[in-house]
Amino acid sequence: MILNENIKDRVYAILAERRQKARVAAQHRWEEIGLDIPEIASLKAELNQTSVRLSKIVLSRSANVAQALEQLRDSNLAAQAQIRELLTAHGYPCDYLEVKYACPICGDTGYVNHQKCSCLIQLTKMLGAEQLNAVSPLNLSTFDSFRLDYYPDTPDENGIVPRLQFCSKYAAGFHPKSQSLFMIGNTGLGKTHLSLAIARGVLEKGYSVIYGSAQDLFRSIEKEHFGRDEENRDSLETILACDLLILDDLGAEFDSNYYTSCLYNIVNSRIGAEKPTIITTNLSAAQLQNKYSDRIVSRLFTMYQLLRFAGKDIRQLKISESR
């Protein structure tokens, strides 16, 4: 993923903070153990002299440098083994004094053998999604607030899948290779509410989620593509890389060849990468066919799991209640 400078700076600042916290916590454990087990404090002081002893050996230019270095190594290994034995003898884990990094793979540096660590990639995705979601209503809908008096959750004669039950199970079992969903139905039937509830549940599992209307996301991509975004963001890269993309209200965007091209790129790229996407639309199958190309519509109806929404518009129900 291409990083803009703002996200890159934040990623490296977070990693540096993690390293510092891990080292400070380890230092506090050394101080604690030094008081509880004085023998370990003596052994640590001995180990701290390693660099001084090493310099003396190298500078001595003795014929026995190799032997002296081997003895120093053996002495250090023996001291470390003794520390572990003392820890376990006093009821502590043998690795209690080691630095416990958030990512044991890279030691919170973000790189392993000059390659990006998975923790850096995940952190970048999370921050990129956070930036795109800054104005999204991700905290407004939950499964608990989905009102079954407005949205009955029972199958109808057309075999409509129970919405709440299906979507809550989808969020609970979400993983980066989950099935993509295509929610189709008239306005006011709970598609946006449930997609937001899924987003919230997936975010709570630690995955990166991008939620936005098709109009807003396509507009962001267009501004960046044509150089009209002064913040120099990388929305398309972030959209393609996030763990879950939710594209709401497809079909409400302006008719544009560029937007249609963006949609195909997003749908096709994420299918190819086996990354799940949730798309909602108020358009019928016939309307979608008229608005988009066959290669887009066919992918939505064959590569996504179709969820048809039926019922009465919640807004009409609320109007009736208020009378």
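Residues numbered from 1 in each chain as written. Predicted model: local features only at pLDDT ≥ 70, side-chain atom pairs only at ≥ 80, totals over all residues. Heavy atoms only, no water.

**Remarks on the pairing of strand β6 (residues 277–281)**
Next, step 1: Across the five residues that make up β6, a large majority, five, are buried.
Next, step 2: Where burial is concerned, the two faces of β6 agree: the one with T277, I279 and T281 and the one with I278 and T280 are both buried.
Next, step 3: Where strand β3 (residues 181–185) meets β6, four bridges bridge the pair, whose relative direction is parallel. Looking at the pairing, L181 lines up with I278 of β6. (Buried < 20%, exposed > 50% of the residue type's maximum accessible area, 1.4 Å probe, protein only. Helix = DSSP H or I, 4+ residues; strand = E, 2+ residues; numbered from the N terminus. Pairing = 2+ DSSP bridges.)

**Some points on the side chain of S180**
Next, step 1: With respect to the secondary-structure elements, S180 resides in the loop between α6 (163–172) and β3.
Next, step 2: Only 2.9 Å separates the side chain of S180 from the backbone nitrogen of T277, close enough to count as a polar contact.
Next, step 3: In this view, S180 contacts K275, P276, T277, Y304 and Q305; residues no more than four positions away in its chain are not counted. (Polar contact = N/O pair within 3.5 Å; in protein donor to acceptor, adjacent residues only side chain to side chain. Contact = heavy atoms within 4.5 Å.)

**Re the sheet that holds β3**
Next, step 1: In space, the five strands of this open sheet follow the order β4-β5-β6-β3-β7, with parallel pairing throughout. Edge positions in the sheet fall to β4 (209–213) and β7 (305–309), since each has one partner strand and no second. When strand polarity is set aside, the average angle formed by the axes of neighbouring strands in this sheet is 15°.
Next, step 2: Against the sheet, helix α10 (residues 257–272) contacts β5 (244–250) and β6, and its axis sits at roughly 145° relative to β5. (Axes fitted to C-alpha atoms, helices over the stretch in contact; angles between N-to-C directions.)

**Quick look at α6**
Next, step 1: Buried residues of α6: R163, L164, F166, C167, Y170 and A171, and no others. With its buried residues spanning 165° around the axis, α6 presents them on a single face. Among the exposed residues of α6, those oriented more than 90 degrees off its buried face are K169 and A172.
Next, step 2: On its buried face, α6 sits against β3, α7 (191–204), β5, β6 and β7. (Arc of directions from axis to C-beta.)

**So, helix α4 (residues 65–89)**
Next, step 1: Compared with the 36 Å implied by 1.5 Å per residue over 25 residues, the 36 Å span of α4 between its first and last C-alpha is a close match.
Next, step 2: Those residues of α4 that sit buried are L72, N76, A79, I83, L86 and L87.
Next, step 3: G91 sits one or two positions beyond α4 and adopts a positive phi of about 90°. (Expected span 1.5 Å × (residues − 1).)

**A word on the nonpolar core**
Next, step 1: Ranked by size, the top nonpolar core spans 27 residues in total, and within it F218, L247, L250, L263, I279 and L300 carry the most contacts.
Next, step 2: Elements with a minimum of two residues in this core: β3, α8 (214–225), β5, α10 and α12 (294–302).
Next, step 3: With six residues, α10 is the single largest residue contributor to this core.
Next, step 4: If we ignore the near neighbours within four places in the chain, the residues touching L247 are G212, S213, A214, L217, F218, L263, I278, I279 and T280. (Core = buried A, V, L, I, M, F, W, Y, C linked by side-chain atoms within 4.5 Å.)

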